[in-house]
Amino acid sequence: MLLLRSIKQKLQTSGFDLCHPIHTAWYNQMIQNEGLVEKGALQLLPEPSPSIVQSDEEPSYNAVLIGNTKVVWPSFIDWLAVKVKEKKRQQDIVCVGSAATHHHHETAVEDVIHSNPFDTYCEESLSRSLQELCCGEDESKKITSYELFWSNGKRQKFFTNSTEQHEHDTDVSINNQYHCFDNKQSSFLVSMQRIASASGQYWHDEENTKLCVHPVFGTWMAFRALVIFETEHSYLNDTSNRSSSGGRSNTVSLPSPCPCPLSEEEMKEAKKIFDYALEMNTLSGQSSNNIGSYGTQTNKTWDELCTFLHNQVCKGSDWDEVPESMKPWIELRNAISVGRSDWKYDEAQLLYHYTKDPNILRRELERIQCRNIEQNE
């Protein structure tokens, strides 16, 4: 079994300060009730037996939702600086001459900041932390495998026992004590906002603004992955559920929903901004920043639209450079007063989240370099 406290402590070292326990049956029940499974919009998740405990009580959860607040940004920038340094060192090995060295150092920076580094940081950091948690020498954990459902639709399964056999048509990567089976054949989209809502920790405005709001952090957080844990006893009573999601757990009840933390006035204002944001993104063919338009995406689910918007790269190192079609989405998040004064992202993190502008990272690296110089003086 895994202690929730141990999972949280391990993840916090990399800046992932949100870790909410959940039973996947809660999510499955929710999306079935909404008719999303029947429509083919979302798929059921596996429902292994509970393996996560809060303290000394009986296990009640089989998965955790992992996310972050603004806390992750300094950890990411420090990691980014290390990656650039490593890249420069590699360039030095094959480069001769000061002029050439300077050129290759500039190339190293460009290579790193243009390679979607934040997603890489999330995957590397979370994968490493989970491996250390589940593949340690503590035999009491008894975790035989864990499955990662990333917010971008990627799905990976790790077996802590190297002799374990896999049942999926996947690529295999072996690293000491565990196997990784990376399903690259198809995407498995999980609605992270519904997972958050099912946990009872977040209020989800599915009807009006699609916002997910925490009573403390407000809208200033992001979800990165759902991790489902399995033990050797996970499917003793339902072997069909090992590779599919057909089983039902009649003993797990959905927790009480999080009450709405917004005032009626805030709700109305947020709805206006949301409608305007949609309108700005349905002016087909009129975006000069290659943001795309919801007018050509109307046959997709909201989760797919979020993924579409998340993957766009545009100018935005300053507010004036942010495309007009992107600004309303930022304003929508900022319209919610809950958590805004204490947990709002700083400008660099906020603008990069929406634009992926590499210039933002370049400035952050320059800031880190200046800080290090000052500390060494």
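Residues numbered from 1 in each chain as written. Predicted model: local features only at pLDDT ≥ 70, side-chain atom pairs only at ≥ 80, totals over all residues. Heavy atoms only, no water.

Details of the nonpolar core
Definition in use: The nonpolar core is taken to be a set of buried Ala, Val, Leu, Ile, Met, Phe, Trp, Tyr and Cys residues, with the residues joined through side-chain atoms within 4.5 Å. Any residue under 20% of the maximum accessible area for its type is buried, any over 50% is exposed, and the rest in between are partly exposed; the area is computed with a 1.4 Å probe on protein chains only. In this description, contact between two residues means that some pair of their heavy atoms is separated by no more than 4.5 Å.
With 92 residues, the main nonpolar core has Ile7, Leu45, Val64, Phe76, Leu226 and Phe229 as its most contacted residues. In this structure, Phe76 is in contact with Pro117, Phe118, Tyr121 and Leu361, ignoring residues within four places of it in sequence.

A few points about the environment of Glu147
Definition in use: Runs of E in the DSSP output that reach at least two residues are strands. Runs of H or I that reach at least four are helices, and both are numbered from the N terminus. N or O atoms within 3.5 Å of each other form a polar contact, as long as, within protein, one can give a hydrogen and the other can take it, and as long as residues adjacent in sequence are counted only when both atoms are side-chain atoms.
Position of Glu147 among the secondary structure elements: in strand 5 (residues 143-150). Along the backbone, Glu147 and Pro46 are 101 residues apart, and their C-alpha atoms lie at a distance of 9.5 Å. The residues touching Glu147, leaving out its near neighbours within four places in the chain, are Pro46, Arg155, Gln156, Lys157, Leu226, Val227 and Ile228. Side chain to side chain, Glu147 and Arg155 meet in a polar contact 2.5 Å long.

Brief notes about the confidence of the model for the chain
Heads up, the rule is: Per residue, pLDDT measures the predictor's confidence, with a range of 0 to 100.
Confidence along the chain averages 81 in pLDDT terms, with 73% of residues attaining 70 or more. Here residues 163-181 is modelled with pLDDT under 50, and outside its nearest four sequence neighbours on either side it reaches 49 contacts, counting other chains as well. A low-confidence stretch, residues 284-299 stays under pLDDT 50, and its non-local contacts, those more than four residues away or across chains, total 31 contacts.

Re unusual backbone geometry
A positive phi angle, near 70°, is found at Lys210, a position not held by glycine. Owing to a relative accessible area of 16%, Lys210 belongs among the buried residues under this scheme. Here the phi dihedral of Lys356 falls at roughly 60°; this positive angle occurs in a residue that is not glycine. The residue Lys356 is located in the loop between helix 11 (347-355) and helix 12 (358-376) in this model. For Lys356, a relative accessible area of 10% puts it in the buried group.

Comments concerning the packing of helix 9 (residues 327-334) against helix 11
Helix-helix packing is described using two parameters, namely the angle between the two axes and the distance between the axes. Inclusion rule: For every element, the axis is a line fit to its C-alpha atoms; helices are fit only across the contacting stretch, and the angle between N-to-C directions ranges from 0 to 180 degrees. Angular relationships are summarised with four words: roughly parallel below 35 degrees, roughly antiparallel beyond 145, roughly perpendicular across 65 to 115, and oblique for the angles in between. Here a crossing is taken to be left-handed if its near helix is turned anticlockwise relative to the far helix by less than a right angle, and right-handed if that turn runs clockwise.
At a minimum axis separation of 10 Å, helix 9 and helix 11 run at an interaxial angle of 130°. It follows from the interaxial angle that helix 9 and helix 11 lie oblique. Like other packed secondary-structure pairs, helix 9 and helix 11 cross with a definite hand, here right-handed. Here Trp329, Ile330 and Arg333 of helix 9 lie close against helix 11, whose contacting residues are Leu350, Leu351, His353 and Tyr354.

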